[in-house]
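# Residue-level structural notes
What follows is each chain in one-letter form.
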Amino acid sequence: MDPSELRKAIKRFRILIIGRANAGKTTILQRVCKTRENPEIYNSAGEKIDPAVLMASRERGMHDIEDEMIFRNNPGFVFHDSRGFEAGGQFEFDKAKAFIASRSKERSLNDRIHVIWYCIPMDEDSRSFTEAEVKFFSQCDTGSIPVIVLFTKFDALYDGGFAELRSKGVSRKDAKALAPQHAKEAFANGPQLKLLYNHKGNQRPPKCHICLPDMDKDGADCGPLIERTAEILNDDTLKQLFVSTQRTILELCMRYAVER
């Protein structure tokens with residue numbers, strides 16, 4: 001289908017982003033949309049919400065997962081934000097679960113959630129899964145919606161990798177250069193991924209995961225996230241929509257056209 005015809009049929013690619021507070025969600029969305037501006041927020045009726053009103057509501061603990069976040073720099077994406085379930089306990093979890101179930105069964109492809117990005121920050125001391133995260137992957141039926149886990153703030157693990165390399169006699173200069181790869185390899189064999197993909201504990205593991213370091217820095221690369229998202233979309237129409245909407249990897253459009 002021609003991109004212009006596709007855009008008429010399905011106006012926007014819709015993503016649900018989930019994660020605890022300070023998981024770096026907004027920063028990632030800004031990187032994906034190539035902007036530093038905050039998104040405009042619209043309610044389910046399509047009415048723009050005043051930022052001051054929205055802030056006041058959030059300070060009172062009120063949040064509506066139905067609200068749509070749209071960045072003016074790339075209005076082809078619509079984002080829904082589910083606050084970390086720990087913010088509201090069982091109520092927030094049930095609300096997100098019902099939203100996912102409803103949006104996965106929408107008759108119109110335009111209104112469905114097309115992918116879920118689940119953010120887990122790695123800058124906390126424990127760096128383990130919260131009860132809410134375990135609950136999501138063991139109890140939340142996402143239907144046909146693919147889920148990608150984003151391990152955000154992954155650069156927080158570099159200091160540990162540096163220290164371990166230094167303890168093995170590696171020079172300071174080499175340890176600094178090798179720390180990112182060392183941290184990535186240690187994480188790949190660590191307990192977090194074993195738990196995440198353990199089908200006995202997690203009946204609904206994600207399609208894949210990705211480690212995202214330094215998203216808050218200039219020149220941050222969210223290309224791997226874009227590529228992985230395109231890869232896990234089984235529906236060719238959605239894949240084409242996503243590829244044509246993203247502006248991070250321009251050659252991805254040509255690559256997909258050649259593959260087809």
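Description of the structure in this document. (Residues numbered from 1 in each chain as written. Predicted model: local features only at pLDDT ≥ 70, side-chain atom pairs only at ≥ 80, totals over all residues. Heavy atoms only, no water.)

### So, the environment of Glu-68
Among the structural elements, Glu-68 can be located in strand β3 (residues 68-70). With relative accessibility at 17%, the residue Glu-68 sits in the buried group. The sequence separation of Glu-68 and Phe-79 amounts to eleven residues, and the corresponding C-alpha distance is 5.7 Å. With sequence-adjacent residues up to four places away left out, Glu-68 is seen in contact with Arg-14, Glu-40, Ile-41, Tyr-42, Val-78, Phe-79 and His-80. A distance of 2.8 Å separates a polar atom in the side chain of Glu-68 from a polar atom in the side chain of Arg-14. (Helix = DSSP H or I, 4+ residues; strand = E, 2+ residues; numbered from the N terminus. Buried < 20%, exposed > 50% of the residue type's maximum accessible area, 1.4 Å probe, protein only. Contact = heavy atoms within 4.5 Å. Polar contact = N/O pair within 3.5 Å; in protein donor to acceptor, adjacent residues only side chain to side chain.)

### What to know about the packing of helix α9 (residues 223-232) against helix α10 (residues 236-245)
Where α9 contacts α10, the two axes come as close as 9 Å, and the packing angle between them is 165°. Regarding the angle of α9 to α10, the classification is roughly antiparallel. Our pair here, α9 against α10, has a crossing hand that is left-handed. Side by side, α9 and α10 meet where Ile-226, Thr-229, Ala-230 and Glu-231 of the first sit next to Lys-239, Phe-242 and Val-243 of the second. Split into classes, the residues belonging to the contact of α9 with α10 amount to four nonpolar, one polar and two charged. (Axes fitted to C-alpha atoms, helices over the stretch in contact; angles between N-to-C directions. Parallel < 35°, antiparallel > 145°, perpendicular 65-115°, else oblique. Left-handed = near helix turned anticlockwise from the far one by under 90°. Nonpolar A, V, L, I, M, F, W, Y, C, P; charged D, E, K, R; others polar.)

### What about the packing of aromatic side chains?
Per the counting criterion, the structure on display carries eleven aromatic pairs. Here Tyr-118 and Phe-136 contribute two aromatic rings whose centre-to-centre distance is 4.9 Å and whose plane-to-plane angle is 55°, an arrangement assigned as tilted. Taken as a pair, Tyr-118 in strand β5 (residues 115-121) and Phe-136 in helix α5 (residues 131-139) lie far apart in primary sequence, 18 residues in all. Side by side, Tyr-118 and Phe-136 carry an identical accessibility label, which is buried. With centroids separated by 4.8 Å and ring planes inclined at 75°, the aromatic side chains of Phe-151 and Phe-187 adopt a geometry described as edge-to-face. Separated by 36 residues along the polypeptide, Phe-151 in strand β6 (residues 147-152) and Phe-187 in helix α7 (residues 172-188) bring together distant segments of the chain. Pairwise contacts between aromatic rings join Phe-13, Phe-71, Phe-77, Phe-79 and Phe-242 into one cluster. Sitting above the plane of the Phe-93 ring, Lys-135 keeps its charged end 5.1 Å from the centroid. (Phe/Tyr/Trp six-rings, centres within 6.5 Å; stacked < 30°, edge-to-face > 60°. Lys NZ or Arg CZ within 6 Å of the ring centre and 35° of its normal.)

That is the geometry; function is a separate question.
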